[in-house]
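Structural description and commentary
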Amino acid sequence: MIRDLYNVRLRAEEDAPAPLTDGEEQRYRSMLFRELGDKIAEQGWVRFPAYTLEDRRRLVAVAHRLTAYWGQEVFIEAEDHMRVRLSLAGFRTLLASSAAQS
């Protein structure tokens, strides 16, 4: 089925969402650090959406911060172009072996 789209226009540059301020960015990264850190501590890994390049940069920074905080490396891998997975070393191999079996 083909649907025609009427009255569809590109958004103007001024309508685009504004980037986060430095304070907002810092609070968002702190929230990611707490929430993702709790989930990783609980199950050894976490999957999180990363729709933009900036989202991926934030998650990489959070993984580095968790590595420094715990003294244990937190790995970050892109599962596809929309999601990344952060995991601890032991869970990284478990996830890889379970993906190979399926």
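Shown above is the structure to which this text applies.
Let us look at the structure shown here. (Residues numbered from 1 in each chain as written. Predicted model: local features only at pLDDT ≥ 70, side-chain atom pairs only at ≥ 80, totals over all residues. Heavy atoms only, no water.)

What follows covers the overall build of the protein chain. When helices and strands are tallied, the protein chain shows three helices and three strands. The linear arrangement of helices and strands in the protein chain, starting from the amino end, is α-β-α-β-β-α. Among the 102 residues that make up the protein chain, the fraction classed as buried is 23%. Residue pairs at least 24 apart in sequence account for 54% of intrachain contacts in the protein chain once pairs closer than 6 positions are excluded. Accessible surface for the protein chain amounts to roughly 7900 Å². Of this, 53% is attributable to carbon and sulfur atoms. (Helix = DSSP H or I, 4+ residues; strand = E, 2+ residues; numbered from the N terminus. Buried < 20%, exposed > 50% of the residue type's maximum accessible area, 1.4 Å probe, protein only. Contact = heavy atoms within 4.5 Å. Areas by Shrake-Rupley, 256 points an atom, 1.4 Å probe, with all protein chains shown as cover.)

With that settled, consider the environment of lysine 39. Tracing the chain through its elements places lysine 39 in helix H1 (residues 22–43). Judged by relative accessible area, which is 34%, lysine 39 ranks as partly exposed. Lysine 39 sits 47 residues away from leucine 86 along the chain, and the two C-alpha atoms are 9.9 Å apart.

Turning our eyes to something else, we now look at the side chain of arginine 85. Considering the arrangement of structural elements, one finds arginine 85 in strand E3 (residues 83–88). Given a relative accessible area of 14%, arginine 85 falls into the buried group. In this structure the side chain of arginine 85 is engaged in a polar contact, spanning 2.8 Å, whose partner is the side chain of glutamate 79. (Polar contact = N/O pair within 3.5 Å; in protein donor to acceptor, adjacent residues only side chain to side chain.)

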